[in-house]
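Take a look at the letters that make up each chain.
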Amino acid sequence: MSDDDNWPGGNRPPSPPSAWELERRIALLEQSSQNIREELHKINSNISKLVWIVLTAVILGGLNLVINQGGA
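Residues numbered from 1 in each chain as written. Predicted model: local features only at pLDDT ≥ 70, side-chain atom pairs only at ≥ 80, totals over all residues. Heavy atoms only, no water.

Enquirer: Is there a simple way to explain a nonpolar patch on the surface in this structure?
Expert: Taken together, Ile36, Leu40, Ile43, Ile47, Val51, Trp52, Leu55, Ile59, Leu60, Leu63 and Ile67 make up a surface patch of nonpolar side chains, about 1100 Å² in accessible area. Position of leucine 63 among the secondary structure elements: in helix α1 (residues 19-71). Since its relative accessible area comes to 47%, leucine 63 is described here as partly exposed. (Patch = residues over 30% accessible without salt bridge, like charges linked within 9 Å, V, L, I, M, F, W, Y side chains within 5 Å. Areas by Shrake-Rupley, 256 points an atom, 1.4 Å probe, with all protein chains shown as cover. Salt bridge = Lys/Arg side-chain N within 4 Å of Asp/Glu carboxyl O. Helix = DSSP H or I, 4+ residues; strand = E, 2+ residues; numbered from the N terminus. Buried < 20%, exposed > 50% of the residue type's maximum accessible area, 1.4 Å probe, protein only.)

Enquirer: How should the pattern of salt bridges be read in this particular structure?
Expert: A pair can form between side chains of opposite charge whenever their charged atoms are brought close. Counted under the stated rule, the structure contains three salt bridges. Across the pair glutamate 21 and arginine 24 runs a salt bridge whose closest N-O atoms are separated by 3.1 Å. Taken together, the residues glutamate 21 and arginine 24, both in helix α1 and three residues apart, mark about one turn of the helix. When its relative accessible area of 17% is taken as the criterion, glutamate 21 is described as buried. Arginine 24 gets classed as partly exposed once you look at its relative accessible area, which sits at 38%. As a salt-bridge pair, glutamate 39 and lysine 42 come within 3.4 Å of each other at their nearest N and O atoms. Taken together, the positions of glutamate 39 and lysine 42, both in helix α1 and three residues apart, correspond to about one turn of that helix.

See the structure below:
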């Protein structure tokens, strides 16, 4: 009889990760969160630029409409 036979389904739970593995995982999480933060900043910046472009187009379109109707 093996040690695995004492566990339900014959599957022993995995052993806890080593300190080195935990440090590696933490470093990867920190790097991933930094990358996500940078990407979100880029997206936010692009959204702000897009909002300004749309507002400018709406204002210019409105001015164009006023000018064209005023001359008619």
